[in-house]
Amino acid sequence: MAETEAAPGAQQFIPPQADTIDELRAAATGCRGCELYRDASQTVFGRGDESARVVLVGEQPGDMEDQKGLPFVGPAGRLLRKAVDDAGIDPQHIYLTNAVKHFRFELRGKRRIHQTPDRVHITACRPWLVAEFSRLRPDLVVVLGATAAKALLGPAFRVTRQRGELLPWPASAQRPEDFAGVPVDSAGKVADAPAAQLLATIHPSAVLRADDRDAAYAGLVQDLTVGARALAG
Ligand code: SF4
């Protein structure tokens, strides 16, 4: 397993004058906030409908995402879109991102094997997540798995214990003040974020790894359906 190095963090790479997700995405290509940029192919920033009512946050790009530069384009992403659809949420109108924007892996022969990001990577990359959220206005935030939960909700949150439970957003965030304002231009904060809700569930890759895939998939859809009902209500 590769050594984790001390990380300066992403904050210094985020242009304060960036008004849009596109500008953030462009800036993120040059991020050197932790050592993960060195071995990965490219930064994989969030994508999707920036006016979406639903924002889903995963762990990190996988092998295919790293090659294509797009989040959730591999098998787990396909499964997630189907689950979102089956839960009654339009997969065309979601925004998808990850807690960590570079692929962490170890080489075994020619194969690149996924490695879970460490706390230092999650902390280093969190400023990008905060910056993305400051340009988004979701009614529902979906946290996919433990890494995303650590990034948004802190280390004490347990997805296994609280999955499928609606929580207030951004009040339930670790440091809710990071997500409380919605600056819409470089002049800074101009409006408070409207109250929204958050829901944690498993990462779609956990479904792919499960012994009983059907049951794991049904559980994922069931959790997402709680969110879909909240949106409809
Ligand atoms: S993982 Fe995040 S903090 Fe680390 S280099 Fe990539 S974008 Fe920057």
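Structure shown above.
No experiment lies behind these values; they were computed from the predicted model shown.

With that settled, the discussion passes to the overall build of the protein. Check the secondary structure of the protein and you find 8 helices and 10 strands. The C-alpha extent of the protein, read off along each of the three principal axes, is 50 × 45 × 30 Å. Residues counted as buried form 51% of the 233 residues belonging to the protein. For the protein, restricting intrachain contacts to residue pairs at least 6 apart in sequence, the fraction spanning at least 24 positions comes to 75%. Surface summary for the protein: the accessible area is close to 11,000 Å², and the carbon and sulfur share equals 49%. Each charge class in the protein can be summarised by its mean position, and for the 28 positive and 29 negative side chains these summaries are 3 Å apart.

It is characteristic of soluble globular proteins that their nonpolar side chains tend to be buried jointly. With 42 residues, the main nonpolar core has W128, F133, V143, L152 and W169 as its most contacted residues. Taken together, the elements giving at least two residues each to this core come down to α1 (21-28), β2 (54-58), α4 (119-134), β6 (140-144), α5 (146-153), β7 (167-169) and β10 (196-201). Of the residues forming this core, the biggest block, 8 residues, is contributed by α4. Those residues in contact with L152, other than ones at most four positions away along the chain, are V57, L129, F133, V141, V143, W169, A173, Q174 and F179. Counting residues in each nonpolar core, the second largest holds 24 residues, with L56, I89, L140 and I202 among its members.

Next up on the list: the site of the ligand. All residues adjacent to the ligand are C31, G33, C34, Y37, V100, K101, H102, A124, C125 and W128. Looking at the shell around the ligand residue by residue, the class counts come to 7 nonpolar, 2 polar and 1 charged.

Here the focus is the pattern of salt bridges. Summed over all chains, the structure comprises 12 salt bridges. D139 is paired through a salt bridge with R53; the nearest N and O atoms lie 2.6 Å apart. Taken together, the residues span a long stretch of sequence, with D139 in the loop between α4 and β6 and R53 in the loop between β1 (47-48) and β2 at a distance of 86 residues. Through salt bridges with shared partners, a single ionic network connects D63, D66 and R112.

Turning our eyes to something else, we now look at helix α8 (residues 213-232). Between its first and last C-alpha, α8 extends 28 Å over 20 residues, near the 28 Å set by a 1.5 Å rise per residue. Those residues of α8 that are buried are in contact with β2, α3 (75-86), β6, β10 and α7 (204-209).

Moving on to the environment of A156. Here A156 shows up in the loop between α5 and α6 (159-162). In the structure, A156 is positioned 17 residues away from A173 in sequence and 11 Å away in space, judged by C-alpha atoms.

About the criteria used
By convention here, each chain's residues receive numbers from 1 onward along its written sequence. Local features in this predicted model are restricted to residues of pLDDT 70 or higher, and side-chain atom pairs are both shown and tallied only at a pLDDT of 80 or more, whereas totals for entire chains, interfaces and linings draw on every residue. Hydrogens and water are ignored here; the side-chain numbers use all heavy atoms of the structure. Numbered from the N terminus, helices here are DSSP runs of H or I no shorter than four residues, and strands are runs of E no shorter than two. Between buried and exposed lies partly exposed: a residue is buried under 20% and exposed over 50% of the maximum accessible area for its type, with that area taken using a 1.4 Å probe on protein chains only. Working rule for contacts: check all heavy atoms of both residues, and any pair within 4.5 Å makes them a contact. The Shrake-Rupley method, run with a 1.4 Å probe sphere, supplies the accessible areas, and residue values consider only the shown protein chains as cover. Just so you know, the count uses Lys and Arg for positive and Asp and Glu for negative, and it drops His and the chain ends. One atom stands in for each charge, and that atom is NZ of Lys, CZ of Arg, CG of Asp or CD of Glu. Here, the term nonpolar core denotes a set of buried Ala, Val, Leu, Ile, Met, Phe, Trp, Tyr and Cys residues that are joined through side-chain atoms within 4.5 Å. Any residue with a heavy atom lying within 4 Å of a molecule or strand is counted as near it. Residue polarity follows a fixed list, in which Ala, Val, Leu, Ile, Met, Phe, Trp, Tyr, Cys and Pro are nonpolar, Asp, Glu, Lys and Arg are charged, and the others, Gly among them, are polar. Take a side-chain nitrogen of Lys or Arg and a carboxyl oxygen of Asp or Glu: if they are within 4 Å of each other, that pair is a salt bridge. Here a helix's expected span is defined as the number of its residues, less one, multiplied by 1.5 Å.

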